[in-house]
Amino acid sequence: MASQHTYSTDSKQNVVPLRPAIKDYAWGIRGLDSRVARFALESGIIDEVDPDTPYAELWLGTHPSGPTTLRDGMTLEHYVGGQLPFLFKVLSAGKALSIQAHPCKELAKELHKSNPKNYVDDNHKPELAVALTPFEAMCGFRRLEEIAILIKKHPEFAACISNEAKLGVFLCSEHEADKKKALQVLFQSFMSCPKETSHSQLKKLLKRLQREQSCDHVHPHEEPPWERKCARAILRLAQQFPGDSGAMAPFLLNYLLIAPGESFYMAANEPHAYVAGEIIECMACSDNVVRAGLTPKFKDVDNLVNMLTYSMGGPTINAGSPAYGDDRIMRYTPPTGEFEVMLITCNPGEEITLPHLPVPSVFIVIEGSGNTDNDGGQRLVMRPGRSYLMPSDCPPLTLAVNSNKRGPLRIALAHENQHIDEPNLSSAAEVGPKQWSGEFALPPAPSPSNPGTPRGSGPGSVVSPSNIKNLAENFNGLKTQYEVPRL
């Protein structure tokens, strides 16, 4: 049994047990299948797990919408003497979250001032996710060339986009600014499609995809993997959100499968939607979300369309970098100063000392069991779901796992970024389309006779909005130079 000194808060140098806040949302995983539910039960914030409740998020931080407390009820904010710059979460997603983006600092202030009910913070919300299970997510826009192929292949999707927007995609020049503008016009057209049209086209699309996915259709090995993945994702999203045109989002966004231990970073103004699986997530201390689909909550399509960067390609997928000279300590470092995450593994029969940090940090046990010790004599029992605060400059904590254990002890630790000059994660905007090969190989586009000549236009000519509008009036089954590759 732990001594009174172990859990004492008299000394600001002691490691302190925490009681996180729990959130249940419709998209959470129900009952004990949810890691969030199991962690909440272990930490003592719930007495039993309701098999019908969708346990979605566990919050560790000082955000007023879900403040973490100590065992005596004191808030973490009061104990550390102010807000932590980050919010650390565990997510259990049983179905898709909304199509969303988080505003930059300037826009966050504007939205909070004009609509404080729906935008409760005036801070930005860049975020980092590390997969605990295989995790599915839609992150960042596809390349324009990929979207052009999908428009041509799926007439129901094409019917939800104006002819002018489609021509803007097909006739766009190679200049990055022109591509972003064409993508914005296309996305705006899709999002503003009349509900009757999108609903009827979605029904047609689902009927066709269901037929094509049936047993009497092409053998799975003869169908390109990206087509099969895209189709199955749409069918699943449509089942979760009947009649919501957001189910066609995989035509617009990269659909990624993230392995356990891998991570990605979403900067401000980048579209994404988490689909299924469990992750740890760290973000700036904010709860601002601009939503546009796959949700019954408040949707703000106009602001979303106007705020996005329209960068094409996906974020960096990274399994972390060894830190502090020990490959059992993997750091996940974004290009923002508010937060950084480390995953620390201690194998049976081993000990590992946590790094000494000049800033407060919080950690949660993700897997396995063990115990701790430090110069202050703090002996803590490590079990999955237990979470702790390590004050700044506290005596280094040593983890140990008995050699008789069958698996390692893993903890996830978050703190203010200590490696801001050595980021190993980048957003889609920073990666850029040239470094992202997309979900399938595309044939190289033929070079125009003059450098910088827009595709489909004569030497030196420019495809202006007025020209596109004139072409759109005569648009009827435009053929493009792209062919669907056979993988």
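Check the entry above for the structure.
Residues numbered from 1 in each chain as written. Predicted model: local features only at pLDDT ≥ 70, side-chain atom pairs only at ≥ 80, totals over all residues. Heavy atoms only, no water.

Participant: Could you clarify how one ought to interpret the overall build of the protein chain in this entry?
Facilitator: Of the regular secondary structure elements, the protein chain holds 12 helices and 22 strands. Here the protein chain, with 487 residues, has 55% of them falling under the buried criterion. Sequence separation of 24 or more characterises 79% of the internal contacts of the protein chain that already satisfy a separation of 6 or more. Approximately 21,100 Å² of the protein chain is accessible, and the part contributed by carbon and sulfur atoms is 49%. (Helix = DSSP H or I, 4+ residues; strand = E, 2+ residues; numbered from the N terminus. Buried < 20%, exposed > 50% of the residue type's maximum accessible area, 1.4 Å probe, protein only. Contact = heavy atoms within 4.5 Å. Areas by Shrake-Rupley, 256 points an atom, 1.4 Å probe, with all protein chains shown as cover.)

Participant: Could you clarify how one ought to interpret the sheet that holds strand β16 (residues 351–353) in this entry?
Facilitator: Picture the strands of a sheet paired through backbone hydrogen bonds; they go either parallel or antiparallel. Across the sheet, 4 strands lie side by side as β16-β21-β18-β19; this open sheet has antiparallel pairing. The open sheet has two edge strands with one neighbour each: β16 and β19 (381–382). Relative to strand β21 (residues 398–400), strand β18 (residues 370–373) is paired through 3 bridges, and the arrangement is antiparallel. Considered in β21, the bridge of N371 is made with A400. (Pairing = 2+ DSSP bridges.)

Participant: Please explain the pattern of salt bridges as it appears in this structure.
Facilitator: Note that side chains of opposite charge can pair when their charged atoms are close. Applying the stated criterion across every chain yields a total of 18 salt bridges. Among the salt bridges present, the one from K179 reaches E145, with a minimum N-O distance of 3.1 Å. One end of the pair, K179, is in helix α7 (residues 176–191); the other, E145, is in helix α4 (residues 144–153), with 34 residues separating them in the sequence. Both residues of the pair, K179 and E145, belong to the buried class. R379 serves as the salt-bridge partner of D373, at 3.6 Å between the closest nitrogen and oxygen. Salt bridges sharing common partners tie together E42, R383 and R386. (Salt bridge = Lys/Arg side-chain N within 4 Å of Asp/Glu carboxyl O.)

Participant: How do you make sense of empty space enclosed by the protein when you look at a structure like this?
Facilitator: To find the voids left in a structure, one rolls a probe of water-molecule size over its atoms. For the structure on display, the rule yields 2 cavities of 30 Å³ or more. If you add up the space inside the largest cavity, you get close to 70 Å³. I99, F187, F190, M191, G246, A249, L252, L253 and A292 together form the lining of the largest cavity. Looking at the lining of the largest cavity element by element, the count peaks at 3 residues for α7. Among the residues forming the lining of the largest cavity, the class breakdown is 8 nonpolar, 1 polar and no charged. (1 Å grid on protein atoms, 1.4 Å probe; cavity = no way out; pocket = protein on both sides within 12 Å on 5 of 7 lines; lining within 4 Å. Points joined across faces, edges and corners; volume = space filled by probe spheres on them. Nonpolar A, V, L, I, M, F, W, Y, C, P; charged D, E, K, R; others polar.)

Participant: Please explain the packing of helix α6 (residues 163–170) against α7 as it appears in this structure.
Facilitator: Working note: a packed helix pair is described by the angle between its axes plus the distance between those axes. Where α6 meets α7, the closest approach of the two axes is 9 Å, and the angle between their N-to-C directions is 150°. Between α6 and α7, the angle is such that the two are roughly antiparallel. Classified by chirality, the crossing of α7 by α6 is left-handed. Residue-level inspection shows A165, G168 and V169 of α6 in contact with α7, the latter providing A182, V185, L186 and S189. The class makeup of the residues in the contact of α6 with α7 is 5 nonpolar, 2 polar and no charged. (Axes fitted to C-alpha atoms, helices over the stretch in contact; angles between N-to-C directions. Parallel < 35°, antiparallel > 145°, perpendicular 65-115°, else oblique. Left-handed = near helix turned anticlockwise from the far one by under 90°.)

Participant: Is there a simple way to explain the sheet that holds strand β14 (residues 326–332) in this structure?
Facilitator: The strand order β4-β1-β20-β17-β22-β15-β14-β13 describes an open sheet built from 8 strands, whose pairing is antiparallel. Among the strands making up the open sheet, the edge pair consists of β4 (69–70) and β13 (321–323).

Participant: How do you make sense of a negative patch on the surface when you look at a structure like this?
Facilitator: A contiguous patch of negative charge, built from D47, E48, D50 and D52, is present on the exposed surface. Inspection of the secondary structure puts E48 in the loop between α1 (35–43) and β3 (54–61). On the basis of relative accessible area, E48 is assigned to the exposed category, the value being 64%. (Patch = residues over 30% accessible without salt bridge, like charges linked within 9 Å, V, L, I, M, F, W, Y side chains within 5 Å. Lys, Arg positive; Asp, Glu negative; His and termini not counted. Charge placed at Lys NZ, Arg CZ, Asp CG, Glu CD.)

Participant: It is not clear to me how the packing of aromatic side chains should be interpreted in this structure. Could you clarify?
Facilitator: The geometry of an aromatic ring pair comes down to the distance between the two centres and the angle between the two planes. Overall, the coordinates contain 10 aromatic pairs when judged by the stated rule. A ring pair is formed by Y25 and W27, whose centres lie 5.7 Å apart and whose planes are at 35°; its orientation type is tilted. Residue Y25 is classed as partly exposed on the basis of its relative accessible area of 23%. Chaining the aromatic ring pairs together yields one cluster made of F135, F264 and Y274. Against the face of W59 rests K23, its NZ or CZ located 4.7 Å from the ring centre. When the ring centre of F241 is taken as origin, the NZ or CZ atom of K95, which lies over that ring, is 5.1 Å away. (Phe/Tyr/Trp six-rings, centres within 6.5 Å; stacked < 30°, edge-to-face > 60°. Lys NZ or Arg CZ within 6 Å of the ring centre and 35° of its normal.)

Participant: Mind showing me how you'd approach the environment of L60 here?
Facilitator: In this structure, L60 sits in strand β3. Remark: the alpha-carbon pair of L60 and K89, spanning 29 residues in sequence, is separated by 6.0 Å. Excluding residues within four positions of it along the chain, L60 makes contact with L18, P20, T68, L87, F88, V362, I364 and S387.

By themselves these figures say nothing about function.
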